[in-house]
Amino acid sequence: MTVVSTASGLLAMLQEQHPVLKLHALTNLNVLVDNFWPEISTNISAIESLYEDEQFHERQLAALVASKVFYHLGELNDSLIYALGAGPLFDVSEDSEYVQTLVAKCVDEYISLSVKASETESESMPLDPRLVAIVERMLDKCMQDGKFQQAVGIALECRRLDKLEEAIIRSENAPAMLSYCLRISQTFVNRREFRHEVLRLLVKSYQNLQQPDYLSICQCLMFLDDPSTVANILDKLLKGDKNDTLLAYQVAFDLFENEYQKFLLNVRDRLPEPAVAGALNPEVGGFANGVVGAHNENGISAMTDGGPMAMDTSEELATLSTPAGGSGDTASASERLPERSPYADRLSKLKAILSGETPISLTLQFLYSHNRSDLAILKTIKHSVEMRNSVGHSATIYSNALMHAGTTVDTFLRENLDWLSRATNWAKFSATAGLGVIHRGHLQQGRSLMAPYLPQNGGLGGGSPYSEGGALYALGLIHANHGEGIKQFLLESLRNTSNDVIQHGACLGLGLAALGTADEEIYEDIKNVLYTDNAVAGEAAGISIGLLMVGTASEKAHEMLTYAHDTQHEKIIRGLALGIALVVYGREEEADTLIEQMTRDQDPILRYGGMYAIAMAYQGTANNSAIRRLLHFAVSDVSDDVRRTAVLALGFVLCSEPEQTPRIVSLLSESYNAHVRYGAAMAVGISCAGSGSSEAISLLEPLTSDAVDFVRQGALIAMAMVMLQTTEAREVRVGSFRRQLEKIINDKHEETMSKMGAILAQGILDAGGRNVAIMLQSRTGHDRVTAVVGMAVFSQFWYWYPLIYFISLSFVPTAFIGLNEDLRMPKFDFTSEAKPSMFGYPPSVAPPTTASAVKLPTAVLSTSVRAKARGARKDLESRSGKSIVQEATATLPSNNQSIPDGPNSNAEILVDDESTATARDENAMDVEGVVDSKKSTSAEPLFEVLSNPARVVPAQEKYIKFNENSRYAPLKLKRAPSGFVMLRDLEPSEPVELVSTDSPASAAAGNTGPSPNAPASTVVVEDNEPPPPEPFEYMPTE
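About the cut-offs
- Residues numbered from 1 in each chain as written.
- Predicted model: local features only at pLDDT ≥ 70, side-chain atom pairs only at ≥ 80, totals over all residues.
- Heavy atoms only, no water.
- Patch = residues over 30% accessible without salt bridge, like charges linked within 9 Å, V, L, I, M, F, W, Y side chains within 5 Å.
- Areas by Shrake-Rupley, 256 points an atom, 1.4 Å probe, with all protein chains shown as cover.
- Salt bridge = Lys/Arg side-chain N within 4 Å of Asp/Glu carboxyl O.
- Lys, Arg positive; Asp, Glu negative; His and termini not counted.
- Charge placed at Lys NZ, Arg CZ, Asp CG, Glu CD.
- Helix = DSSP H or I, 4+ residues; strand = E, 2+ residues; numbered from the N terminus.
- Core = buried A, V, L, I, M, F, W, Y, C linked by side-chain atoms within 4.5 Å.
- Buried < 20%, exposed > 50% of the residue type's maximum accessible area, 1.4 Å probe, protein only.
- Contact = heavy atoms within 4.5 Å.
- Pairing = 2+ DSSP bridges.
- Expected span 1.5 Å × (residues − 1).
- Axes fitted to C-alpha atoms, helices over the stretch in contact; angles between N-to-C directions.

A word on a negative patch on the surface
In step 1: On the surface, Asp 34, Asp 91, Glu 94 and Asp 95 cluster together into a patch of negative charge.
In step 2: Note on placement: Glu 94 falls in the loop between α5 (76-85) and α6 (97-119).

Quick look at the nonpolar core
In step 1: Ranked by internal contacts, the top residues of the largest apolar core, which has 293 residues, are Phe 90, Leu 202 and Phe 806.
In step 2: Element by element, the count of residues in this core is highest for helix α40 (residues 709-723), at 11 residues.
In step 3: With sequence-adjacent residues up to four places away left out, Phe 90 is seen in contact with Leu 64, Ala 83, Tyr 98, Val 99, Leu 102, Val 103, Ile 134 and Arg 137.
In step 4: If you look at the next biggest cluster of nonpolar residues, it comprises 12 residues, including Phe 828, Val 981, Leu 983 and Leu 994.

As for the sheet that holds strand β7 (residues 960-961)
In step 1: Read across the open sheet, the 3 strands follow the order β5-β4-β7; overall the sheet is antiparallel. Bordering the open sheet on either side are β5 (944-947) and β7, each of which pairs with just one other strand.
In step 2: Relative to β7, strand β4 (residues 829-832) runs antiparallel, the two being bridged by 2 bridges. Paired with Ser 832 across the bridge in β7 is Ile 960.

Focus on helix α10 (residues 174-187)
In step 1: Counted at 1.5 Å a residue, the expected span for α10 with its 14 residues is 20 Å, and the 20 Å between its end C-alpha atoms agrees.
In step 2: For α10, the complete set of buried residues consists of Ala 174, Met 177, Leu 178, Tyr 180, Cys 181, Leu 182, Ile 184, Ser 185 and Gln 186.
In step 3: Considering only its buried residues, α10 is in contact with α8 (148-157), α9 (161-170), α11 (192-207) and α12 (214-223).

Examining the environment of Leu 201
In step 1: Relative to the elements of secondary structure, Leu 201 occurs in helix α11.
In step 2: Judged by its relative accessible area of 9%, Leu 201 is buried.
In step 3: For the pair Leu 201 and Leu 161, spaced 40 residues apart in sequence, the C-alpha to C-alpha distance is 7.8 Å.
In step 4: Those residues within four positions of Leu 201 in sequence are excluded, and the remaining contacts are Leu 161, Leu 164 and Glu 165.

So, the sheet that holds strand β6 (residues 950-951)
In step 1: A sheet is described by the order of its strands in space; here 4 strands give the open sequence β6-β3-β9-β8, paired in mixed fashion. The two strands at the open ends of the sheet, each matched to only one other strand, are β6 and β8 (968-970).
In step 2: The pairing of strand β3 (residues 815-819) with β6 spans 2 bridges and is classified as antiparallel. Within β6, the position partnered with Phe 816 by the bridge is Ala 950.
In step 3: Contacts from helix α14 (residues 242-257) reach β3 and β9 (979-985) within the one sheet, and its direction differs from that of β9 by about 175°.

Structural data, given as structure tokens:
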């Protein structure tokens, strides 16, 4: 075989006139170019001239050779141009570094041009068809090789919806591919408009499946804000069989978890009205409109309580049980009304789910019955806080509210009324508002709960304005995102008062109750409060407008910005800055103009609002442009407030990718600027909340002992957020962190700021009776608007402590609640294939032991023992002779031991050595205890059987297994085993066993919660109970 050592001969042939010789030279140069490209590059002009010669029939081959030469020279742009000219000779299937590099370059170029074309409104230049051809050949190759996920990714980046649809249709598992598309469309598609186009395509593709996935379809439609289509789907499912009805309920529960109140109400209102309006429905809480009476279908009793704040009374129950406009008992009323059709009953149940009545009542019951908050911790905090320290006093009240959020348990407040009464002015406002956190979700009795504190006589009563304002704020917290029944009362309270404190509470309450509804009437009234230019009321009004208009991108944001420039009050400007940020929530690039205007403002407070605007607009998108902008302000702005907020905002933008946050802020956490370090701590806490991330904990640990007090405060709060519902078995540093909190709280020399952080951290760590987690995104990937908004406003506590309560909006019960077709909880067991200690409740704090007068053993010297032993021998010698003495000597113990009890031992010696014998017994007991503890540790089971309803933390979901021989099975097995899960009854002919947990109605008056360590008891209710006896007249016997 001839070895070619030079390409000069072939290059010389390029100068020949005959085209056959030129073709021969190019064909061989194409083979040899990888080895002789330096030599060929000296004559590249000849090859280029051949490509440009239109009379030359093999121009494409010349282009291919030129492309390879430029590739080796590192000129990728020129190489790509000639590769495009090579046409089909450029084989994208060739497995070479040259082809792979140019294909990647080609795809990147195509993506850049297509994105630029889609983002510019003017007519853009048409794409090079040769470039398009190469990209299409690459996509076809991916699909032929079965690499459909790669094809989907390239199609999405290239904005080729036709190829995306083709990849989905040609894939072997279309449902899995659709799920993959849905997931990456939410994480990797940055532009909102294009994402909506993708979602419309996915809806169309889902509907074309043999078995349409209505859960995913409705989630997509929720992203698209299309309530009409969702209502049509739900109505269609309700008219189907039992499984279709269960699916409709499951869709409604999943939509409810996204907490998009305006959308849910629109879906509900577009559903048809039941056939018999206003009729009683005995299966849904006893009422057609979902009002929960004395007992609903799950055994949920109206939450009653002793004392002046009773959650329910017999008179109220009687009122609720009587239909409007009627009199008499419920039974007679139901007899007069015609019987409802099954469809009407299903419709009523579905509307109760969409309006939030059914899921909220179920959640309320779960949090009450599973409450495991430890009052001993609160008592320790209360005793360690100095009486004169108002910050510590208020922090304890905040901590108690968070610890019992949603549980309706206010035992600590009732037991410490004298201590609570020390709160004055704004501390009283916060203490009253804390009841709203504790009773959050208690929609039916919320107003009666707060009645003792609410404004009386049209807002002109003689009560404390701080209590009245706090009560209105509490009503907003109770009805947060579900305020249909309380909006009008709050609006009237706002109109009837001119006191700025009451206006402050009413504005916050209205914003919470009407979250995201964009109600024009409410907006006008709040705007009137804003224009009074009162600092206290104006700050709340600014925040409230933001809450009301959240996510609408309304033009009212520009009005707010204009007024922020006109007013002189810092508090009002700050409230408006946050309000503007909330208005542009989730609008991404639509908000860029407003963001640019705010971030370039001379007022640092408005630049500070601009950081929140970036955080809210790009929440959960991990958008590179937003991250870059925030990092720029974090290191360059002259205001510490702006720099702190810029770093904190990273936590919101990256909350969908929490593993990235510690890496991005790691250098900022070591900044010389304390404000930047605080922002880094809070960013990690927000993004990694509830994850138990080891990287996040490692980053926060040094900050908990920072030299600056407010940095320690932020780090402690962030650490509690990260460790929420993480056990010591999963992360060993949880135990040491709890001990650190206890140490800081009990240290009298600790600075107030860090002590407050420790107290709040303790409340967050045990939040919601240890049954809630912080989640900014739902299980389906949709932003939980209420949670994100709550976390954003909570971060304002730096300036205004009462806003701490907003963090309760981000709490989500970690519950598995299985329901049958009647929306009742059947008796149902399933398995967690993990050790109970992995996901169990933390142990309760041991109560302090009281010092008692215990007689300690008498110290006995060894010389005394020997002297007494000698005396014993002499005594024995004199009594029994030599042989017995020798026997006693042989049985005597060593110097440090006592004489054993035996028939030949002396009683006096036994008395003298009683203490040493006791010590030996105690040592023996200690050894036995060690052995027992080892036995108990090794005996821990490897799995745990859980009963419906059960606490299932997010990290535990992958360990949940359902028994194959169980009577009930989840409707959707692929769905995460948490939240509200509809169950299929595999044995419908058998009698149904229902389960009910403890409710406050069954407890004695004044007992506001179950024992912290008592397991949730279950009561089996039989559906086939015997009927009551017929009426009879009792005749006493004489």
